[in-house]
Amino acid sequence: MANYDNNDLIAELKKFAQTKGAGVKGLVDSGLVKLPRIFIQPPERLSNYSVSNDSTLTVPVIDLVGLGKEDRRRKIVSELRQAFQNWGVFQLINHEIPPDVIDSVLEAVKVFHEQPPEVKTADDYNRKVFRFDTSATFKRSAAASWRDFFRYTCVDRKLEEKNLPQICRKSLNEYVEYMFELKNTLSQLLSEALSLCPDYLEKIECMESLISLGNYYPGCPQPDLALGSQDHSDPSFLTILAQDNVGGLQVLHDNQWVDVPWIQGSLIVNPGDLMQIISNDKFKSVVHRVLAPNVTRTSIACLLIPSTRKMETPFGPLAENISENSPPMYPHVTASEYKIYYKSKRRNDEATISNFKLQQA
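As the structure is a computational prediction, the values presented were derived from the model and not from experiment.

## Things to note about the packing of helix H4 (residues 70-86) against helix H7 (residues 166-193)
- Here H4 crosses H7 at 75°, and the two axes come no closer than 9 Å. Of the possible angle classes, the one that applies to H4 and H7 is roughly perpendicular. Only Gln188, Leu189, Leu190, Glu192 and Ala193 of H7 make contact with H4, whose side of the interface consists of Arg73, Ile76, Val77, Leu80, Arg81 and Phe84.
- Of the residues belonging to the contact of H4 with H7, the class tally is seven nonpolar, one polar and three charged.

Okay, here's the thing in structure tokens:
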């Protein structure tokens with residue numbers, strides 16, 4: 001990134017913010033041919049880890065076919081446990097969510113973001129439920145991400161109608177309903193993978209609300225200088241992502257960036273920081289990033305978080321996962337407290353979950 005002080009950067013970001021709903025897409029629509037310096041990543045961030053060239057190093061794929069059969073279920077639980085322990089992510093296929101539902105919600109994301117700015121930012125919706133935003137936010141040691149997004153918060157599995165834009169309402173709510181159904185299945189498998197009763201995670205209500213992020217990455221004029229989303233982990237219990245065929249998602253594995261290729265109809269599943277905490281490091285909240293694309297890319301990420309009444313309940317390493325040989329690695333924390341902590345660390349461009357460990361751990 002070019003040398004200039006933080007005051008210059010803040011001034012440019014404020015100027016960008018004044019474009020309101022235009023966002024990153026507005027820059028592209030203006031005929032942009034050169035990347036603004038607020039989006040130029042420091043070289044050390046772009047090359048902090050090498051990109052894997054090993055074709056045998058691939059993100060695990062888990063197939064849910066035959067889940068109802070006892071032997072097959074045990075195998076799936078074992079595969080899930082290994083994937084979350086070793087990788088912190090897997091691609092899920094044959095999950096019974098129709099491909100046209102996934103295609104429809106990704107198209108809805110695209111259509112929403114390609115509306116005029118004044119439509120995207122209309123005050124017709126409760127901003128606690130639905131809002132448009134852009135990732136051009138200031139961090140002390142990092143440039144802005146090349147990404148616009150909307151956030152849809154679905155609390156306690158209650159779908160919204162009047163607070164969603166009509167242009168994406170049907171597809172979004174249909175997809176979210178399927179997400180909660182899939183969550184029920186994954187909750188049981190995750191409980192079993194942690195050697196718990198199948199309904200354990202369901203009973204503690206740690207995944208009864210959902211935040212959907214409809215991500216839009218316009219084609220970037222100089223993608224080698226930017227990032228669609230900077231490296232981060234998620235502050236959720238579980239995240240389920242659908243991406244289009246453009247690709248660009250990478251996960252950090254053994255200090256290498258590994259591509260997560262598009263598989264038609266697949267979903268990408270990863271534990272968030274809160275799942276790593278309650279599993280006492282048995283499951284890994286994977287660090288991931290998105291490369292800036294040279295053509296438009298869309299995705300939708302669903303972050304599963306606790307029910308309303310459990311947002312202020314402290315979560316910590318589960319007693320069943322603690323022993324003399326496996327002492328607690330983290331303090332107890334409410335989801336609300338961790339959200340504040342996470343934002344403060346991200347604002348300063350610091351690691352999140354690793355800095356949260358107990359000192360003696």
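There is more to say, and it comes next.
## Brief notes about the sheet that holds strand S6 (residues 209-217)
- Pairing is mixed in the open sheet, where eight strands are placed in the order S2-S3-S11-S8-S13-S6-S5-S4. Only two strands of the sheet have a single partner each, and these edge strands are strand S2 (61-63) and strand S4 (130-134). Each adjacent strand pair in this sheet contributes to an overall mean axis angle of 25°, direction not counted.
- Note: S2 against strand S3 (residues 90-93), three bridges, orientation parallel. In the sheet register, Val61 faces S3, and the bridge partner there is Gln91.
- Strands S2, S3, strand S8 (238-243) and strand S11 (267-271) of the sheet are contacted by H4, whose axis makes an angle of about 160° with S2.
- Along the sheet, helix H5 (residues 99-113) contacts S4, strand S5 (148-154), S6, S8, S11 and strand S13 (297-305); its crossing angle with S13, the most-contacted strand, is approximately 110°.

## As for the sheet that holds strand S1 (residues 50-51)
- As summarised here, the arrangement of the five strands in space is S1-S10-S9-S12-S7, forming an open sheet in which the pairing is mixed. Two strands in the sheet have a free side with no partner beyond their single neighbour: S1 and strand S7 (227-232).

## Brief notes about the pattern of salt bridges
- One pass over the full model with this rule turns up 14 salt bridges.
- When the shortest N-O distance is used, the salt bridge between Glu79 and Lys75 registers 2.5 Å. Pair noted here: Glu79 and Lys75 are both in helix H4, with a separation of four residues, about one helical turn.
- For Glu79, a relative accessible area of 23% translates into the label partly exposed.

## Observations regarding the nonpolar core
- Formed by 70 residues in total, the largest nonpolar core has its most connected members in Leu80, Tyr175, Met179, Leu190, Met207, Leu267 and Tyr338.
- Counting residues per element, this core draws most heavily on H7, at eleven residues.
- When near neighbours in sequence (up to four residues on either side) are disregarded, Leu190 contacts Leu80, Phe84, Leu201, Met207, Leu238, Met275 and Phe283.
- Judged by nonpolar contacts, the second largest core, of 19 residues, contains Trp87, Ile211, Leu241 and Val290.

## Looking at the packing of H5 against H7
- Running from N to C, H5 and H7 point in directions that differ by 140°, and their axes come no closer than 9 Å. The angle between H5 and H7 places the two elements in the oblique class. The chirality of how H5 crosses H7 is left-handed. In contact with Val101, Ile102, Ser104, Val105, Ala108, Val111 and Phe112 of H5, H7 contributes Ile167, Cys168, Ser171, Leu172, Glu174, Tyr175 and Tyr178.

Here is what the cut-offs are and how they apply
Residues numbered from 1 in each chain as written. Predicted model: local features only at pLDDT ≥ 70, side-chain atom pairs only at ≥ 80, totals over all residues. Heavy atoms only, no water. Axes fitted to C-alpha atoms, helices over the stretch in contact; angles between N-to-C directions. Helix = DSSP H or I, 4+ residues; strand = E, 2+ residues; numbered from the N terminus. Parallel < 35°, antiparallel > 145°, perpendicular 65-115°, else oblique. Contact = heavy atoms within 4.5 Å. Nonpolar A, V, L, I, M, F, W, Y, C, P; charged D, E, K, R; others polar. Pairing = 2+ DSSP bridges. Salt bridge = Lys/Arg side-chain N within 4 Å of Asp/Glu carboxyl O. Buried < 20%, exposed > 50% of the residue type's maximum accessible area, 1.4 Å probe, protein only. Core = buried A, V, L, I, M, F, W, Y, C linked by side-chain atoms within 4.5 Å. Left-handed = near helix turned anticlockwise from the far one by under 90°.

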